[in-house]
Amino acid sequence: MEEQDGVAIRASGLRKSYGDVVALDGVDLDVRRGEIFGLIGPNGSGKTTTVECLQGLRAPDAGTMDILGCDPASDRSVLRTKVGCQLQDSALPDRLKVWEALDLFASLAPGADDWVRLVEEWGLASKRSAAFADLSGGQQQRLFIALALVNKPELVFFDEMTTGLDPASRRVAWQLIEEVRERGATVVLVTHFMDEAEHLCDRVAVLRAGRVVACDTPGALIASTTAGVTVTFTCDVEDLGWLQRIPGVAEVSRSGSRVAIQGAGPVLVRTAAALAAHGLEPEDLDVERRTLEDAYLALADQPSAATAEGLAG
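Only a predicted model underlies this, so the values are computations on that prediction, with no experimental measurement involved.

K.L.:
Any details on the packing of aromatic side chains? Residues and values, ideally.
P.N.:
Scanning the model with the defined rule gives two aromatic pairs in all. The ring of Phe193 is capped by Arg170, whose NZ or CZ atom sits 4.2 Å from the centre of that ring.

Structure below.
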């Protein structure tokens, strides 16, 4: 295959079944070079099966794939030199030391990067001789990333790498993922955390029942599936009917002194201006913006003809 400029991954019509269970039902994906591309969806939607196919770890029943100019089925040995991965539930023997793990992985990768330098770059120098079991969650993630990068990959897959981490360790992992991209690699990130996808990803594909039901930037997905914003404030004035006439306002409701305005566009600015014009300056004026989680839930509620019950990932 010839490598296509600007495209790291091109997959078309991927299908995969396990007996009567349909895991992938015609998945199409294009991942651009240099981006962080997210895959989100419920358990059984086909996320892990998709990345396993893209890495050549599992053969699809039908469809075509071009990964950095390689066919994972016929160019597996070449692809191994270009791709790094941290798979779901990655683990190492408890007593394996940091340097031993890196030395082992480097010995298996032709043209491997200098693992001693990776130890320094990923903040593991002080833990070089520490056993895997003695590392913190964040340090283990640093080690997994260093192992994924030991072959100097152009494309890196991270599958649920922050599952089970505490909030502080998750933030460290986010910084590490961004650093991987800053060093020139394309990143495919599989995650269940919508805030993670919204924060990190340039584009996101939503999988449901083995199909891609939406693919766009987080902002575009939010805008296309959710109804604007909600502006709230506290006010004891009874007659607020004039709020309904503010351009972009769809609905005004109140519960006691608490007022909520549903709308789209620059509703916050217009509401603030209208309140000021009526001599009202509520100190708790606030806006609740929709998130990728709202968009995801809206997409997840859409009906689908395909099913993948009982299949994890």
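K.L.:
Before we move on, could you go through the sheet that holds strand β12 (residues 258-263) and cite the residues and values that matter?
P.N.:
If you trace the four strands from one edge of the open sheet to the other, you get β11-β12-β10-β13, paired in antiparallel fashion. In this open sheet, the two edge strands, each paired with only one partner strand, are β11 (249-255) and β13 (286-289). Averaged over all pairs of adjacent strands, the angle between strand axes in this sheet comes to 20°, irrespective of strand direction. In the sheet, β11 pairs with β12 via six bridges, with the strands oriented antiparallel. When the bridges of β12 are listed, Ser253 appears paired with Ala260. Each of β10 (229-234), β11, β12 and β13 is contacted by helix α9 (residues 267-277), which is oriented at about 30° to β10, the strand it contacts most.

K.L.:
Describe a negative patch on the surface, listing the residues and the values that go with them.
P.N.:
On the surface, Glu198, Asp286, Glu288, Glu293 and Asp294 cluster together into a negatively charged patch. Mapped by element, the contributors of at least two residues to the negative patch are β13 and α10 (292-300). Mapped onto the elements of the fold, Glu293 is located in helix α10. Since its relative accessible area comes to 44%, Glu293 is described here as partly exposed.

K.L.:
Tell me about the sheet that holds strand β1 (residues 7-18), and name the residues and values.
P.N.:
The strand order across the open sheet formed by three strands is β2-β1-β4, and the pairing between neighbours is antiparallel. Strand pairing shows two members of the sheet lacking a second neighbour, β2 (21-32) and β4 (62-67), which therefore form its edges. Adjacent strand axes in the sheet meet at a mean angle of 15° when their direction is disregarded. Sheet analysis places β1 next to β4, joined by five bridges and oriented antiparallel. Opposite Ile9, over in β4, you have Ile67 as the bridge partner.

K.L.:
Hey, could you go over the packing of helix α8 (residues 218-225) against α10 for me, with residue numbers and the actual values?
P.N.:
The N-to-C vectors of α8 and α10 enclose an angle of 55°; their axes lie 8 Å apart at closest approach. Considered as vectors, α8 and α10 are oriented oblique to each other. Our pair here, α8 against α10, has a crossing hand that is left-handed. Taken together, the residues of α10 that come into contact with α8 (itself represented by Pro218, Leu221, Ile222 and Thr225) are Leu292, Ala295, Ala298 and Leu299. Of the residues in the contact of α8 with α10, the class split is seven nonpolar, one polar and no charged.

K.L.:
Go over the pattern of salt bridges with me, naming the residues and quoting the values.
P.N.:
Taken as a whole and judged by the stated rule, the model has 15 salt bridges. Salt-bridge contacts for Arg211 lead to Asp25; the nearest nitrogen and oxygen are separated by 2.9 Å. On the criterion of sequence distance, the pair formed by Arg211 in strand β9 (residues 211-216) and Asp25 in strand β2 is long-range, its members being 186 residues apart. Take Asp25: its relative accessible area is 18%, and that puts it in the buried class. Close ionic contact of Asp134 with Arg95 constitutes a salt bridge, the shortest N to O distance being 3.6 Å. With Asp134 in the loop between α4 (115-121) and α5 (137-148) and Arg95 in the loop between β5 (83-86) and α3 (98-107), the pair connects residues that are 39 residues apart, well separated along the chain. Among the charged side chains, a network of salt bridges with common partners joins Arg117, Glu121, Glu179 and Arg183.

K.L.:
Any details on α3? Residues and values, ideally.
P.N.:
What α3 keeps buried is the set Val98, Ala101, Leu102 and Ala106. Axial view of α3: buried residues confined to an arc of 125°, hence all on one face. Those residues of α3 that are buried are in contact with α4 and α5.

The rules behind the values
Residues numbered from 1 in each chain as written. Predicted model: local features only at pLDDT ≥ 70, side-chain atom pairs only at ≥ 80, totals over all residues. Heavy atoms only, no water. Phe/Tyr/Trp six-rings, centres within 6.5 Å; stacked < 30°, edge-to-face > 60°. Lys NZ or Arg CZ within 6 Å of the ring centre and 35° of its normal. Pairing = 2+ DSSP bridges. Helix = DSSP H or I, 4+ residues; strand = E, 2+ residues; numbered from the N terminus. Axes fitted to C-alpha atoms, helices over the stretch in contact; angles between N-to-C directions. Contact = heavy atoms within 4.5 Å. Patch = residues over 30% accessible without salt bridge, like charges linked within 9 Å, V, L, I, M, F, W, Y side chains within 5 Å. Areas by Shrake-Rupley, 256 points an atom, 1.4 Å probe, with all protein chains shown as cover. Salt bridge = Lys/Arg side-chain N within 4 Å of Asp/Glu carboxyl O. Lys, Arg positive; Asp, Glu negative; His and termini not counted. Charge placed at Lys NZ, Arg CZ, Asp CG, Glu CD. Buried < 20%, exposed > 50% of the residue type's maximum accessible area, 1.4 Å probe, protein only. Parallel < 35°, antiparallel > 145°, perpendicular 65-115°, else oblique. Left-handed = near helix turned anticlockwise from the far one by under 90°. Nonpolar A, V, L, I, M, F, W, Y, C, P; charged D, E, K, R; others polar. Arc of directions from axis to C-beta.

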